[in-house]
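# Architecture and fold: a report
The chain contents come next:
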Amino acid sequence: MAQNIGIKPVSGMARTLYRTMGLIIASGIMALALIGPASAKTGVVLAITLEPPHLDPTAGAPAAIDEVVYANLFEGLTRIDALGQVKPGLAERWVIEDDGLTYRFILRKGVTFHDGASLDSSDVKFSFDRAVAEGSENAQKGLFSAIETIETPDPQTVVIKLTRKEGLFLWNLGWGDAVIVDPASAETNKTNPVGTGPYKLDNWTRGDSIRLVRSSNYWGQKPAMDSVTFKIIADPSAQVTALLAGDVDVVPNIGAPESVAQFEADPRFVVTQGTTEGETLLAMNERRPLLQDVRVRKAIQHAIDRQALIDGAMFGFGTPIGSHFAPHNPAYTDLTEATPYDPEKAKDLLAQAGVAPGTKLVMKLPPPTYARRGGEIVAAQLKAVGFDVEQIPVDWGQWVSEVFKGDHDFDLTIVSHTEPLDIGIYARDDYYFGYDNPAFKTLMSKIDTVSDPAGRNTLYKEAQRMLADDAANAFLFQLAKVTVQRKDLKGLWQNAPIQANDMTGARWE
Amino acid sequence: MRLLMSGSKSGGHLPQLWVGGALTAIVLITALVAGFWTPYPADQQSIIDRLQGPSMAHWLGTDLYGRDILSRIMGGAQTALWVGMAAIGVGLAGGLPLGLAAAMNRNGLIDTAIARGSDLIFAFPALLTAVLIAAIHGPGMINVIVAVGIFNIAVFARVVRGAALSIMARPFLQAAIAIGRPWPSIALVHLLPNIAGVVAVQATVQFAAAILAEAALSYLGLGIKPPDPSWGKMLADAQTLLYLSPMQAILPGLAIVWTVLGLNLLGDGLRDALDPKLRSLRAV
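So, on to unusual backbone geometry. Of the consecutive residues P226 of chain B and P227 of chain B, the connecting peptide bond is found in the cis state with omega at 5 degrees. When you line up the elements, P227 of chain B lands in the loop between α8 (183-219) and α9 (231-238). Positive phi is not limited to glycine here, since F315 of chain A has a value of about 55 degrees. With respect to the helices, strands and loops of the structure, F315 of chain A is situated in the loop between α9 (306-314) and β13 (319-320). On the basis of relative accessible area, F315 of chain A is assigned to the buried category, the value being 18%.

With respect to the helices and strands, the residue A209 of chain B is situated in helix α8. As for A209 of chain B and R106 of chain B, which are separated by 103 residues in sequence, their C-alpha atoms are 29 Å apart.

Turning our eyes to something else, we now look at the confidence of the model for chain B. Residue and element names in this part refer to chain B. Across chain B, the average pLDDT comes to 88, with 92% of residues at or above 70. The low-confidence segment residues 1-11, where pLDDT is below 50, has 12 contacts with residues more than four positions distant or belonging to other chains. Between residues 279-284, whose pLDDT stays under 50, and residues either more than four places distant or in other chains, the model counts 13 contacts. Interface confidence in the predicted complex, given as ipTM, is 0.83; pTM for the same model is 0.83.

All names here are of chain A. Look at helix α8 (residues 294-303) against helix α10 (residues 343-352): their axes get within 8 Å of each other, and the N-to-C directions meet at 160 degrees. Put simply, α8 runs roughly antiparallel to α10. Judged by the sense of rotation from one axis to the other, the crossing of α8 with α10 is left-handed. Across the interface between the two elements, R295, V296, K298, A299, H302 and A303 of α8 pack against P343, K345, A346, L349, L350 and Q352 of α10. In the contact of α8 with α10, the residues fall into 7 nonpolar, 2 polar and 3 charged.

Turning to the domain arrangement of chain A, a few remarks are in order. Residue and element names in this part refer to chain A. For chain A, the assigned domains read domain 1 (12-51 + 197-274 + 482-508), domain 2 (74-184) and domain 3 (279-478). Counting from both sides, the interface comprises 9 residues of domain 2 and, opposite them, 10 residues of domain 3. Here domain 2 meets domain 3 over a buried area of about 740 Å², counting both sides, of which 58% is carbon and sulfur. Contact with domain 3 buries surface across domain 2, with K165, L168 and W175 losing the most and accounting together for 47% of the total. Where domain 2 meets domain 3, there are 0 residue pairs in polar contact (both at pLDDT 80 or more).

All names here are of chain B. The end-to-end C-alpha distance of α8, which contains 37 residues, comes to just 46 Å, noticeably less than the 54 Å that a straight helix rising 1.5 Å per residue would cover. L192 marks the point of greatest bend in α8, at about 50 degrees, and the proline P193 comes within the next four residues. Counting buried residues along α8, 28 of its 37 residues qualify, which places the element largely inside the surrounding structure. One or two positions beyond α8, positive phi appears at G221, with a value near 85 degrees.

We now examine the confidence of the model for chain A. Residues and elements named next belong to chain A. Of all residues in chain A, 92% have pLDDT values of 70 or greater, and the mean over the chain is 90. pLDDT under 50 marks residues 1-10. Its contacts with residues more than four places away, or in other chains, come to 12 contacts. Overall, residues 27-38 carries pLDDT values under 50, and its contacts beyond four positions in sequence, including any with other chains, amount to 15 contacts.

Tallied over the entire structure, the rule returns 35 salt bridges over all chains. Residue D249 of chain A pairs with K41 of chain A through a salt bridge whose shortest N-O separation is 2.4 Å. Taken as a pair, D249 of chain A in the loop between α5 (236-245) and β11 (250-251) and K41 of chain A in the loop between α1 (12-26) and β1 (43-48) lie far apart in primary sequence, 208 residues in all. With its nearest N and O atoms 2.8 Å apart, the salt bridge here joins K360 of chain A to D388 of chain A. With K360 of chain A in strand β14 (residues 359-365) and D388 of chain A in strand β15 (residues 387-393), this pair connects stretches of sequence that are 28 residues apart. Using a relative accessible area of 61% as the deciding quantity, one classes K360 of chain A as exposed. Under the relative-accessibility criterion, D388 of chain A is labelled partly exposed at 34%. Shared partners join several salt bridges into a network, and the residues in it are E376 of chain A together with D63, R67, R72, K233 and D237 of chain B.

Residues and elements named next belong to chain B. Scanning the model with the defined rule gives 9 cavities of 30 Å³ or more in all. Taken as a whole, the largest cavity encloses approximately 130 Å³ of empty space. If you trace the largest cavity, you find 13 residues lining it, with D63, L64, M234, D237 and Q248 closest to the centre. Mapped onto the lining of the largest cavity, the elements with two or more residues apiece are α3 (69-104), α9 and α10 (247-274). Per-element accounting of the lining of the largest cavity gives the leading share, 4 residues, to α9.

Attention shifts here to the environment of F404 of chain A. Residue and element names in this part refer to chain A. Secondary-structure assignment places F404 in helix α12 (residues 396-404). Owing to a relative accessible area of 27%, F404 belongs among the partly exposed residues under this scheme. Along the sequence, F404 and Y431 sit 27 residues apart, while their C-alpha atoms lie 7.9 Å from each other. Among all residues touching F404, those that are not within four sequence positions of it are W399, Y431 and Y432.

Parameters and conventions
- As a convention, each chain's residues are numbered from 1 in the sequence order in which they are written.
- Here every chain gets a letter starting at A, and every ligand a number starting at 1, in the order they are written.
- Per-residue local features are limited, in this predicted model, to residues with pLDDT of at least 70; the limit for side-chain atom pairs, both in listing and counting, is 80 or more; totals at the level of whole chains, interfaces and linings are taken over all residues.
- Working from all heavy atoms in the structure, the side-chain values ignore hydrogens and water.
- Numbering goes from the N terminus for both helices and strands, where a helix is a DSSP run of H or I of at least four residues and a strand is a run of E of at least two.
- Classification of residues uses two cut-offs on accessible area relative to the type maximum, computed with a 1.4 Å probe and protein chains only: under 20% is buried, over 50% is exposed, and between them is partly exposed.
- The pLDDT value expresses, per residue, how confident the predictor is, ranging between 0 and 100.
- Should any heavy atoms of two residues lie within 4.5 Å, those residues are considered in contact.
- To obtain an axis, a line is fitted to C-alpha atoms, over the contacting stretch when the element is a helix, and the angle between two such axes runs from 0 to 180 degrees between their N-to-C directions.
- Orientation labels follow simple angle bins: below 35 degrees gives roughly parallel, above 145 gives roughly antiparallel, 65 to 115 gives roughly perpendicular, and whatever is left gives oblique.
- A clockwise turn of the near helix away from the far one marks a right-handed crossing, whereas an anticlockwise turn of less than a right angle marks a left-handed crossing.
- In this count, Pro and Cys sit with the nonpolar residues alongside Ala, Val, Leu, Ile, Met, Phe, Trp and Tyr, while Asp, Glu, Lys and Arg are called charged and the others, Gly among them, polar.
- Segmentation into domains, and thus their bounds, comes from an automatic or database assignment.
- In this description, buried area is defined as the sum, over both parts, of the accessible area (probe of 1.4 Å) that is lost when the two are combined.
- Under this definition, polar contacts are N or O atom pairs within 3.5 Å; protein pairs additionally need one hydrogen-donor-capable and one acceptor-capable atom, and for neighbouring residues in sequence, both atoms have to be side-chain atoms.
- Given a helix with a known number of residues, its expected span is that number minus one, times 1.5 Å.
- Two axes are fitted around each residue, one to the seven residues ending there and one to the seven starting there, and the angle between them is reported as the bend at that residue.
- Salt bridges, as used here, are contacts in which a Lys or Arg side-chain nitrogen is within 4 Å of a carboxyl oxygen on Asp or Glu.
- For cavity detection a 1 Å grid was placed over the protein atoms alone, and a set of points counts as a cavity when a 1.4 Å probe fits there but cannot get out; an open set counts as a pocket when protein lies on both sides within 12 Å along at least five of seven lines, with lining residues being those that have an atom within 4 Å of a point.
- Grid points are joined across faces, edges and corners, and a volume is the space filled by probe spheres set on the points.

Spelled out as structure tokens, the structure:
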């Protein structure tokens, strides 16, 4: 297979040596980092790991969509800020009637879409009606489930009546799935997104990058950056070299936590660590007879040493969790002590359940570091209690079609659920891990009707405990958001309270 | 084995034969030893001991998961040799009979079919074919062997045909044909022993290529499944660790260089030892 590489052989030995070296080099096993010159910049380049399948946040679940368009290109009535608080968005202000069921939103004046169409209350009604309509692709229809009627008494006013008190209604309207779109462009937003945000789409080179430029007719404060470019770099080591080479200015969520030490030592960069909404799970397919047995699921949870997993896979970045809830949330209760690492207990439980040593489990692992590396460690930990785990690396497309949808052909998988406050997925019918507990569903619908925060928090804690007691999945750790950025780049989010790369405040100093 | 006997040059004049042979022998011995003993089980993790340098406990240090690198290099040698031998086995099992059949049916229907078939396989770069097969059937050792083996069938068929044709032109074989010896007897008694040298040389070269292909596929995540040790997988894992622990990349890299260099030297040495005139037949 080797070609003559064009060096006149001096001897048989040298010839072979050259050919061998040629082969090795040609195998592409070397990586070179080149340091590029810095220059005065008016734009910013981010590296994102996944390319969004399209750019309409109201028509799909992938976080990659929101990570490009949220706050930059599309806006909702409310918005979630860097601290996770609800702030006015396209609604300048709002009034909640005493019954707690009627919300009156006053829209901002002079808001236009990128194509020049102006925003009025009918666009809001259209957007929400479209989100829940038959055949809607909206991934979070539950956000709108409490809405009874939407009225538009005048172009600046939207009155929404709810069927039940919804404590999180204003928060829900701040999601990317609830952004306001224009009827004229709604159907083409996937490829040609038209929003009200400070940036509009300039160019999308598939597989390479998405470039946004400042919109001239933005209603609010003009952002400092005149362009925002999202470069799609899936490979963690390529992200590192792109940063070192100056090709990108920031990696909001670095794929290789081991590279942090290198950037901390480099004066050109700063590293920040924040929290995310990403509960990382070892999800178990409860359609499988073996995993229907709560003793087996508990044994799997007890077999896992969370801290070793965080250290080994994430270089210490991450917080152990004992249920499906983010530790920074006020309603969080720490249940890691209730399900500690205890291999002996795991073995006992498996013996009780009659699971023979050497029982096979198939674990499908999507591309992120937490999954592939976590899988390697989890497989070894499960082997220690008697399972024989086959690790199958899959790409995201395969993961969605084989694990998340379709026949749910898996026993175990590792995935991070990055939507905020998404414990409700355990109440869904036929969700991918197949957890089915009527008591939990009742609890979730009860939470929806409680609007006082303390009461809600109590119920959320009860829900967390229920999932931990049931070992609905094995709960591993909360994903950290580790950002590496140029030192002179300011105004980025440290935490990720919602799936977003809000670049409206970004600036060079 | 006439040609082998007639090798006139003594080993002393062929340093590559001895150097290559020694390098290869060490890999072979390592793989054999790994079959029943490694310092630690190759997949035994100890997270707190991860990314350590060489020590008395771990002679070559530990990897990302605290696994013993020496054990994994040894296990990787086993993996590499299994894949290499199996890929050569597949190549010989298919290529030898096809090549002989093609030679004896020169320019006939069988010969043309085999020639066009191998043209088709050669039309795609070998590694690309292997990536395609591995991508369709998923990662795993068997799929790697099949992926690399299919290409080898074409390589061996072509080499065997060429070598056999040159032998068939010789008087002793013309005589055998003239006195009406049956074809199977001609193939087994006259052809096979005379082309064995060429095939052996080709096998060492393809062996090296198969090991590189396994490393490349595993590097891309299409080869050996975790947690089984593979040099290519070790390199892939080391990629982001270059700054923290360069040994993670250097050690498996050296193992690959060592093995491939050894096999290539051995191949060259064998060829010169067997017959310098066969040099033109080498189709690498």
